[in-house]
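What follows is the residue order along each chain.
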Amino acid sequence: MEVLRTEGLKKYYGSPDSPARQVKALDGVSFGVQRGEFVAVVGTSGSGKSTLLHMLGGLDRPTEGKVYVEGKDIFSLKDDALTIFRRRKIGFVFQAFNLVPVLSVYENIVLPLELDGNPVDEAYVGQVIAFLGLKDRQDSMPGQLSGGQQQRVAIARALAAKPAILLADEPTGNLDSRTSQNVVSLLKVTGQKFHQTIVMITHNEAIAQMADRIIRIEDGKISQAAAQGALAGNLGFGQLPGIGESPGTAVQKRLSGMEEPTGTAAQKQQPGVRESTGAGSQKQQPGVRGSAGDSRLGQFPGVEAPGKGRSRERGKGYAKGTE
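Undergrad: Please give an account of unusual backbone geometry that cites residues and values.
TA: For Glu 170, which is not a glycine, the phi torsion comes out positive at approximately 45°. Within the element layout of this structure, Glu 170 appears in the loop between strand E7 (165-169) and helix H6 (177-193). One non-glycine residue, Asp 219, lies in the positive phi region at around 50°. Assignment of secondary structure puts Asp 219 in the loop between strand E9 (213-218) and strand E10 (221-222).

Undergrad: Pulling in residues and values, what's your account of the environment of Leu 115?
TA: Take Leu 115: it is sitting in helix H3 (residues 105-115). Given a relative accessible area of 3%, Leu 115 falls into the buried group. Residues Leu 115 and Arg 87 lie 28 residues apart in sequence; the distance between their C-alpha atoms is 9.4 Å.

Undergrad: Any chance you could break down the sheet that holds strand E3 (residues 38-42) for me, citing the residues and the numbers?
TA: Judged by pairing direction, the sheet is mixed, and its six strands sit side by side in the order E6-E7-E8-E3-E9-E10 without closing on themselves. Sheet topology places strand E6 (90-94) and E10 at the edges, where each strand pairs with a single neighbour. Pairing of E3 with strand E8 (residues 198-202) involves five bridges; the strand directions are parallel. Note that in E8 the partner of Phe 38 across the bridge is Ile 198. Strand contacts of helix H1 (residues 49-56): E3, E6, E7, E8 and E9, with the helix running at about 150° to E7, the strand carrying the most contacts. Across the sheet, helix H5 (residues 147-160) touches E6 and E7, and the angle it forms with E6 is around 170°.

Undergrad: Talk me through the packing of aromatic side chains; I want residue IDs and the actual numbers.
TA: Following the criterion strictly, the structure yields three aromatic pairs and no others. Ring centres of Phe 92 and Phe 94 lie 5.5 Å apart, and the angle between their planes is 5°; this geometry places the pair in the stacked category. Residues Phe 92 and Phe 94 agree in their burial class; the two are buried. Plain terms: the ring middles of Phe 131 and Phe 194 are 5.9 Å apart, the flat faces sit at 90° to each other, and that makes the pair edge-to-face.

Undergrad: Can you explain the sheet that holds strand E4 (residues 64-69)? Please cite residues and give values.
TA: Strand order in this open sheet of four strands is E2-E1-E4-E5, and the pairing throughout is antiparallel. Each having just a single partner strand, strand E2 (23-34) and strand E5 (72-73) make up the two edges of the open sheet. Looking at chain direction, E4 and E5 are connected through two bridges and run antiparallel. Within E5, the residue paired with Tyr 68 across the bridge is Asp 73.

Undergrad: An account of the nonpolar core is requested, with residue identities and associated values reported.
TA: Of all hydrophobic cores here, the largest spans 43 residues; its most connected members are Ile 109, Val 125, Leu 166, Leu 187 and Met 200. Of all the secondary-structure elements, those providing two or more residues to this core are E3, H3, helix H4 (122-131), H5, E7, H6, E8 and helix H7 (205-208). Not counting residues up to four positions away in its chain, the partners in contact with Leu 187 are Phe 38, Ile 155, Leu 166, Ala 168, Ile 198 and Met 200.

Undergrad: Can you lay out the pattern of salt bridges for me, pointing to particular residues and giving the numbers?
TA: One pass over the full model with this rule turns up 15 salt bridges. The shortest N-O distance in the salt bridge between Lys 221 and Asp 27 comes to 3.8 Å. On the criterion of sequence distance, the pair formed by Lys 221 in strand E10 and Asp 27 in strand E2 is long-range, its members being 194 residues apart. Look at Lys 221 and you get partly exposed, because its relative accessible area is 43%. As a salt-bridge pair, Asp 79 and Arg 61 come within 3.1 Å of each other at their nearest N and O atoms. Note that Asp 79 is positioned in helix H2 (residues 79-89) and Arg 61 in the loop between H1 and E4, a separation of 18 residues in sequence. Relative accessible area serves as the criterion here: at 44%, Asp 79 is assigned to the partly exposed category. The exposure class of Arg 61 is partly exposed, given its relative accessible area of 29%. Residues participating in the shared-partner salt-bridge network are Glu 2, Arg 5 and Glu 7.

Undergrad: So what's going on with the side chain of Thr 51? Residues and values would help.
TA: Tracing the backbone shows Thr 51 in helix H1. Setting aside residues no more than four positions away along its own chain, Thr 51 makes contact with Lys 11, Tyr 13, Ala 25 and Leu 26.

Reading the values: the criteria
Residue positions are given per chain, counted from 1 along the sequence in the order it is written. Note on the predicted model: pLDDT of at least 70 is required for a residue's local features to be given, and 80 or more for side-chain atom pairs to be given and counted; whole-chain, interface and lining totals, by contrast, use all residues. Remark: hydrogens and water are excluded; side-chain values derive from all non-hydrogen atoms of the structure. Secondary structure follows DSSP: runs of H or I at least 4 residues long count as helices, runs of E at least 2 residues long count as strands, and numbering of each begins at the N terminus. Exposure is judged per residue with a 1.4 Å probe applied to protein chains only, and the accessible area is read against the type maximum: over 50% gives exposed, under 20% gives buried, and values in between give partly exposed. By this definition, two strands are paired if DSSP reports at least two bridges between them. By definition in these notes, contact holds between two residues if any of their heavy atoms fall within 4.5 Å. Fitting a line to C-alpha atoms yields each axis, with helices limited to the stretch in contact; the angle taken between N-to-C directions then spans 0 to 180 degrees. Each Phe, Tyr or Trp ring, with Trp reduced to its six-membered ring, pairs with another whose centre is within 6.5 Å; inter-plane angles below 30 degrees give stacked pairs, above 60 give edge-to-face pairs, and intermediate values give tilted ones. Nonpolar cores are built from buried Ala, Val, Leu, Ile, Met, Phe, Trp, Tyr and Cys residues. Side-chain atoms within 4.5 Å join them into one set. Between Lys or Arg on one side and Asp or Glu on the other, a salt bridge is scored when a side-chain nitrogen of the former is within 4 Å of a carboxyl oxygen of the latter.

Honestly, it's all geometry; don't read function into it.
Right, here's the structure in full:
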């Protein structure tokens, strides 16, 4: 079943009265993603891959074209309805983590559910937390975590609402090479375990090879070879050598034999290599709206709060609202 589909997606910057001066960030992008598929979108800086992710997630509106998520034309929705749809159907994992520093790990993970006024599926969230090796870190604050641990919290938060699709924008950009491999491996096996569809934006070829299929974007367009691979993948031939740029069997064997991470094993670092932490982890993500309610949350684009909020005490306490 096709979960995500784009048709003739275009995003132009500049006045249409001066076509020669227009910047064509996206210029007619069309492709589909099947349920449970892990797709990597690869391109150099300025190729349009991040703009594409913003379109896929409804964070920005295209100049022309359509995006369908589970058959719904997301740009047919008004802004408020799109915000609700995005929060319920699309999970985001950003390079900058975008965790709320005044909330604990657990509170960060369930925050989108609380803001949406939905009850927390404690059993499911507990499974996600345990699988990502965060069981012993639930009461920790983001500032007490390494970069890899913070990114695992961001993945857990994206999975908590059981979205139709998970979008990852350079999820390893703030991590060292060893931790990057661990995080993407974890992202892949987590997607398999919880039956998630994942689209990951990256410029890292080694990281991209861990995906089920690679789509290459150049100058705002999908390259011809990538388009042929996408067609083959949709027809069920994505694992044939040379078609759809499917990763090798060695990667598949390594992932299939990978043990579920524990608090110690998942955090193990290569000697002399440190994960990035600090103020850089709270870098603002362009094109993403934060909360309009709580001033503590307004700086953090990974979380969208509804127009009218309310708060209630729940042990440690955290924000909750309804729309």
